Amino acid sequence: MILRKIQAGTCRSWLFRVSLKQEPCFFSSVPSQPVPPLAQTLQNYLRALEPLLPPEELNHTRRMVHEFSRPGGLGAQLQEGLERRARHTKNWISDRWVQWAFLESRQPLPVHSNPAISLPRRDYNDWRSHGQIPMEYMRGKPLCMELYPLLFSSCRIPGPKHDSIAHYGRSRRSPTHITVVRNYQFFQLEVYNSDGSQLTEGQIHSQLMRIRSQSWKTDKEPMGILTSEHRHTWGEAYNRLLRDKLNKESVRLIETGLFSLCLDSPVMRISDEKYASRKAAQILHGGGTFSNSGNRWFDKTLQFVVGEDGSWGLLYEAATIEGPPIATLLHHILHDNPNPQRAPLIPLPMPKKLYFNIDREIKRDIELAKQNLDILINDLDVNVFNFKRFGKDLPKKYNMSPNSFIQVALQLAYYKVHNEVCPACDIASQRMFRGGRTEYIRSPTSQTLMFILAFDDPSVSREAKLQLFREAVDAYTALTDLALNGHGIDRHLLGLKLQAIEEGMSIPKIFMDTAYGLATHWKLRTGQVPANTDSVMCFGPLVPDGYAICYNPQADHVHFSITAFNCCEETNAETLAHTLKDTLCQLQELLHHPVLH
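In this text the structure is predicted, and so the values were computed from the model without any measurement.

J.: Give me the lowdown on the pattern of salt bridges, citing residues and values where you can.
T.: Throughout the structure, instances matching the rule amount to 21 salt bridges. The residue Arg62 makes a salt bridge to Glu50 at a minimum N-O spacing of 3.9 Å. Residue Arg62 is found in helix 3 (residues 55-68), and its partner Glu50 is found in the loop between helix 2 (38-49) and helix 3; the two are separated by 12 residues along the sequence. In this structure Arg62 comes out as partly exposed when scored by relative accessible area, which is 35%. With its nearest N and O atoms 3.2 Å apart, the salt bridge here joins Glu67 to Arg70. Classification of Glu67 by relative accessible area gives partly exposed; the value is 47%. The partly exposed category is assigned to Arg70, whose relative accessible area is 41%. Each of Arg106, Arg156, Asp163, Arg231, Asp299 and Glu317 takes part in one network of salt bridges that share partners.

Written out as structure tokens, the structure reads:
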């Protein structure tokens, strides 16, 4: 009965044509992304290093930065190259950043790259949507919408040295099918009738029931596991797989589909307290080779995951899309009500099961991928919780940015656990600019460090602590404003480094400096993905001894996910989660101090 509800409600007609009106004026009000002034970026870079480095190391880096930035020197030459590139390209950094950050990375996509969004359990009976995503705005300014059409009928393709992204929806004959996978078996489901009309909900239900009846037994060989491998290993297996004509056809149908729908077996229930964490982990990586990991094709840009127990969410490939557009898409799916459709009197073809010829080499590849994925999954600790004491309304009441408030809280909680501050990156959208993707907001700031050091000092008055807290929150808000306006430092520094490589130069000394390595060893990878649903995003840490923390602030509560690797003795997701809860409560008490009333 549960699966019938899922199948009846999951693949409604909204999903098959979430379209955008791309008129000539659509992007005209979105400006080009600026290249920040070199002196400004270098000054802000040194400022970001202040809370992280001892004075003698900071002075050494200052001398290197001064040498790099002298008039007519190397920095000025590279800056000129970036400004020239900006005049002749849609966006001077986005393509380079995607190539460097994602496509050249050889790490497996699950945990290390693909984020997941976990949503509250539901019965699916009211899950409806259809139509067009309206123009988005941030702070009254229009956002670039170019990413949305790339969501559908796209896939990452493994390569020997770097990957690529294939966008099949741009072809003259755009794909008209999705891929449904259940019990490790893949099916091609056409979602348009022969007359060009979209399938109705009743038709989709009928087709899913057909797939259900064909997929009771679990396939012996979970082909999707191959996509979880180290990218070089998967690239070699991919080439072996495509030598066979049948395999090539099946792979192409998965890659070209609008998206994938993964019908999972139930999440293993341990306790209500741990269910949210287990559910998020299952969407992120499938739960292991004895669970649902074989129901994934991790290269696919968009995968909707639906469990028989009512759990659901989605997984996406990060080289193509960012979290905020995904959250917007989910909101659109959940809240836009279509007009009911009448099914045309046209017989539906049977959904096509995709078959693979598995020889000894491919079987060996699958077995190795299974072992490696289970090792990776067992190494990842996931802790998801709903902080119910307060939400974003509390910081707003005291004229503080909710995101800045949480960021300072994260640094304070980290300090309590590890007795140090650490390099942390938050994510700021660059979609105010044509073709913009993301920028990092760095923390801690010097103001945050001063507040942290004063927080447990009994000699510092509560009034002084409160003032330091406000200054720390305001400093982070100022960094956020810089980043949102295209004046962050990390993409600019990366652009300068890549410009030197492109011009055949040696990598400048500023990027070989110990300080640069320290400052980009992101022990805290954070991300606010606000949504109008009680969802939470989940992803893995960027470094072996780090954490990844994602949060979704609602009016009176905040959803958090924290991940860490078990192989690192210093990090512990549960410990940081408990400390963060206590820290947030302490900050609430600090704000409620009587001097404010």
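J.: I'd like a rundown of the packing of helix 14 (residues 446-455) against helix 15 (residues 462-484), residues and numbers included.
T.: Viewed as axis vectors pointing N to C, helix 14 and helix 15 meet at an angle of 155°, and their least axial separation amounts to 8 Å. In terms of orientation, helix 14 lies roughly antiparallel with respect to helix 15. Between helix 14 and helix 15 lies a crossing whose hand is left-handed. Facing Gln447, Thr448, Met450, Phe451, Ala454 and Phe455 of helix 14, the residues of helix 15 in contact are Lys465, Leu468, Phe469, Glu471, Ala472 and Ala475. Classifying every residue of the contact of helix 14 with helix 15 by side-chain character gives eight nonpolar, two polar and two charged.

J.: A description of the domain arrangement of the protein chain should follow, citing residues and the corresponding values.
T.: Domain boundaries in the protein chain define domain 1 (109-380) and domain 2 (388-528 + 567-591). Averaged C-alpha coordinates put domain 1 and domain 2 at centres separated by 33 Å. In this complex, domain 1 contributes 19 residues to the contact, which on the side of domain 2 involves 14 residues. Summing both sides of the interface, domain 1 and domain 2 together bury roughly 1400 Å²; the carbon and sulfur share of this comes to 45%. Taken together, the links from domain 1 to domain 2 amount to one salt bridge. For Arg437, the salt bridge goes to Glu322, with nearest N and O atoms at 2.3 Å. At the surface where domain 1 touches domain 2, the tally comes to four residue pairs in polar contact (both at pLDDT 80 or more). A per-class count over the side of domain 1 that touches domain 2 returns 11 nonpolar, two polar and six charged.

J.: Any details on the pairing of strand 12 (residues 312-316)? Residues and values, ideally.
T.: Across the five residues that make up strand 12, a large majority, five, are buried. Two strands pair when backbone bridges link them, and strand 2 (residues 116-119) and strand 12 are joined in this way by four bridges, in the antiparallel orientation. If you follow Ala116 over to strand 12, its bridge partner there is Leu315. Direction of pairing for strand 11 (residues 302-307) relative to strand 12: antiparallel, over a ladder of five bridges. Bridge pairing links Leu302 to Tyr316 in strand 12.

Calculation criteria
Residues numbered from 1 in each chain as written. Predicted model: local features only at pLDDT ≥ 70, side-chain atom pairs only at ≥ 80, totals over all residues. Heavy atoms only, no water. Salt bridge = Lys/Arg side-chain N within 4 Å of Asp/Glu carboxyl O. Helix = DSSP H or I, 4+ residues; strand = E, 2+ residues; numbered from the N terminus. Buried < 20%, exposed > 50% of the residue type's maximum accessible area, 1.4 Å probe, protein only. Axes fitted to C-alpha atoms, helices over the stretch in contact; angles between N-to-C directions. Parallel < 35°, antiparallel > 145°, perpendicular 65-115°, else oblique. Left-handed = near helix turned anticlockwise from the far one by under 90°. Contact = heavy atoms within 4.5 Å. Nonpolar A, V, L, I, M, F, W, Y, C, P; charged D, E, K, R; others polar. Domains from an automatic or database assignment. Buried area = accessible area lost by both parts, 1.4 Å probe. Polar contact = N/O pair within 3.5 Å; in protein donor to acceptor, adjacent residues only side chain to side chain. Pairing = 2+ DSSP bridges.

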